[in-house]
Amino acid sequence: MPGPEHVILVTGASRGIGAATARAFATLPRTALALLSRDKAGLERTAADCRSAGAAADVFPCDLTDWSAVTSTVAAVRERFGLPTVVVNNAGVFAPGGVSETSPEHFRDQVGANLFTAYHVTHALLPAMIERGSGHFFFMGSVASLKGYPRGAAYCAAKHGLLGLARALREETRDRGLRVTTLLAGATWTDSWAGVDLPETRFMPAEDVGAAARDAYLMSDRTVIEEILLRPQQGDV
Ligand code: NAP
C-alpha cells in the first residue's frame with residue numbers, strides 16, 4: 001500500500017477557517033491530514049469530516065504557543081505520516097482593543113496566538129523541508145496584515161508581523177524548491193464573529209478561503225501564488 005502523496009498539516013483545525021481548509025485538502029486523492037490545535041473534540045470532528053471525504057486524518061492536540069510542545073507534536077506527526085508536503089499556519093485569535101487599553105498581557109497573548117504559533121511550527125519543520133527540497137507553507141494573514149484597524153492594535157501588529165515572516169521565508173526559500181503563500185482574508189463567517197449584528201451573507205464562507213489554499217497548492221511547481229487577498233463581495237464589514 002503506497003503512503004500518502006499529500007501530507008497536510010493544518011493548525012487551528014478544530015473549527016472555522018482551519019477546519020474548512022482541512023476539509024478542502026481532504027478532497028485530494030491519497031491525502032493524509034495532521035490536525036493541530038488545543039481542543040481535541042473539535043479536532044476529532046474535523047478528522048471525521050476529512051475521513052468521510054476519503055482522506056486519512058489524525059489529531060494532535062497541542063498549545064502551539066509552547067515551543068517544547070510544538071517540537072514533540074511535530075515529531076509525532078512525522079512519525080505518523082512522514083514529513084508534511086503542506087503546512088497551513090492558520091491558528092490565531094482575534095481580541096479587540098486600541099493601543100491605550102491593550103495591556104502588556106493582552107498584547108503578548110495576541111502576538112503569541114497569531115505569530116509565535118506560525119513561527120514555532122515553521123521553525124520546527126523548515127530544516128527537513130529544505131533538505132528534501134519541496135513543500136508549501138501557507139500563512140493565514142488578514143486584511144489586518146495590510147491595514148491598521150481602530151481597536152485592533154495587537155491583532156494588526158501580529159498579522160503585519162505574520163506577513164513579514166512569510167515574505168522573509170519566501171525570499172529565503174525561493175531557490176530551495178519551497179513555496180510560500182499568504183492568504184490575506186477579510187471578514188469570514190466563523191465563531192470569531194459570534195454575536196455580531198450582521199447577516200452571515202455579509203461575510204465570506206470559510207470554505208472559500210480553504211479552497212483558495214488548496215487551489216494555490218495545485219499550481220505547477222513552476223508557479224507560486226505569493227499572496228491572495230480575499231474580501232467579502234461588499235467589502236470590509
Ligand atoms: P476561530 O474559529 O476562532 O479558530 C481559531 C483556531 O485557532 C481554532 O482552531 C483554535 O483552536 C486555534 N488556536 C488558537 N490559539 C491556539 C493555540 N495557542 N494553539 C493551538 N491552536 C490555537 O478563528 P477563525 O475565524 O477560523 O480564524 C482562523 C485564522 O484566520 C486566524 O489566524 C484568524 O486570525 C484568521 N482570519 C480570520 C478572519 C475571519 O474573519 N474569521 C479573517 C482574516 C483572518 P483551539 O481553540 O482548539 O486551540
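Our subject in this report is the structure included herewith.

About the cut-offs
- Residues numbered from 1 in each chain as written.
- Predicted model: local features only at pLDDT ≥ 70, side-chain atom pairs only at ≥ 80, totals over all residues.
- Heavy atoms only, no water.
- Helix = DSSP H or I, 4+ residues; strand = E, 2+ residues; numbered from the N terminus.
- Rg over C-alpha atoms; globule rule 2.2 N^0.38 Å.
- Contact = heavy atoms within 4.5 Å.
- Pairing = 2+ DSSP bridges.
- Axes fitted to C-alpha atoms, helices over the stretch in contact; angles between N-to-C directions.
- Near = heavy atom within 4 Å.
- Polar contact = N/O pair within 3.5 Å; in protein donor to acceptor, adjacent residues only side chain to side chain.
- Areas by Shrake-Rupley, 256 points an atom, 1.4 Å probe, with all protein chains shown as cover.
- Nonpolar A, V, L, I, M, F, W, Y, C, P; charged D, E, K, R; others polar.
- Patch = residues over 30% accessible without salt bridge, like charges linked within 9 Å, V, L, I, M, F, W, Y side chains within 5 Å.
- Salt bridge = Lys/Arg side-chain N within 4 Å of Asp/Glu carboxyl O.
- Buried < 20%, exposed > 50% of the residue type's maximum accessible area, 1.4 Å probe, protein only.
- Expected span 1.5 Å × (residues − 1).
- Parallel < 35°, antiparallel > 145°, perpendicular 65-115°, else oblique.
- Left-handed = near helix turned anticlockwise from the far one by under 90°.

Check the secondary structure of the protein chain and you find 6 helices and 9 strands. Here the protein chain has a C-alpha radius of gyration of 17 Å; the compact-globule value for 237 residues is 18 Å, and the two agree. C-alpha atoms of the protein chain, sized along the principal axes, occupy 55 × 35 × 35 Å. For the protein chain, the share of sequence-separated contacts (at least 6 apart) that also reach a separation of at least 24 residues comes to 70%.

Once that is clear, we can look at the sheet that holds strand β1 (residues 6-11). Read across the sheet, 7 strands follow the order β3-β2-β1-β4-β5-β6-β9 without closing on themselves; strand pairing throughout is parallel. With one partner strand each, in any of the chains shown, β3 (56-61) and β9 (227-230) form the two edges of the open sheet. Averaged over all adjacent pairs, the angle separating strand axes in this sheet is 15 degrees, with direction ignored. One ladder, built from 4 bridges, connects strand β4 (residues 86-89) with strand β5 (residues 135-142); its direction is parallel. Across the sheet, V87 pairs through a bridge with F137, a residue of β5. Of the strands in this sheet, β1, β2 (31-37) and β3 are in contact with helix α3 (residues 67-81), which crosses β3 at around 160 degrees. Sitting on the sheet, helix α4 (residues 104-132) touches β1, β4, β5 and β6 (178-185), and the angle it makes with β5 is about 160 degrees.

With that out of the way, let us pick up the site of the ligand. Every one of the 30 residues lining the ligand counts as a neighbour, but S14, R38, Y155, T190 and S192 are closest to it. At 3.0 Å from an oxygen atom of the ligand is found a main-chain nitrogen or oxygen belonging to G12. At 2.5 Å from an oxygen atom of the ligand is found a side-chain nitrogen or oxygen belonging to T190. Taken by itself the ligand offers 880 Å² of open surface, and the protein chains cover 94% of this. By residue number, the principal contributor to the shell around the ligand is β5, which donates 3 residues. Considered class by class, the residues forming the shell around the ligand number 11 nonpolar, 14 polar and 5 charged.

It is worth spelling out unusual backbone geometry at this point. Even without being glycine, R30 reaches a positive phi, approximately 50 degrees. Note that R30 resides in the loop between α1 (16-25) and β2. You will see that R151, though not glycine, has its phi angle at about 65 degrees, which is positive. Looking at the secondary structure, you find R151 in the loop between β5 and α5 (153-173).

A surface patch of nonpolar side chains, amounting to about 290 Å² of accessible area, comprises W189, V196, L198 and V237. Among the secondary structure elements, V237 is positioned in the segment after β9. What makes V237 partly exposed here is its relative accessible area of 44%.

Right, let's talk about α5 for a bit. With 21 residues, α5 ought to run about 30 Å at 1.5 Å a step, and its terminal C-alpha atoms sit 30 Å apart, in line with that. Along its buried surface, α5 packs onto α4, β5, β6 and β9.

Axis separation between α4 and α5 bottoms out at 8 Å; the angle between their running directions is 15 degrees. Between α4 and α5, the crossing angle belongs to the class labelled roughly parallel. When you trace α4 past α5, the crossing you get is right-handed. Residue-level contacts link H106, F107, Q110, V111, N114, L115, A118, Y119, T122, L126 and I130 of α4 to A154, Y155, A157, A158, K159, G161, L162, L165, L169, E172 and T173 of α5. Each residue belonging to the contact of α4 with α5 can be placed in one class, and the counts come to 14 nonpolar, 6 polar and 2 charged.

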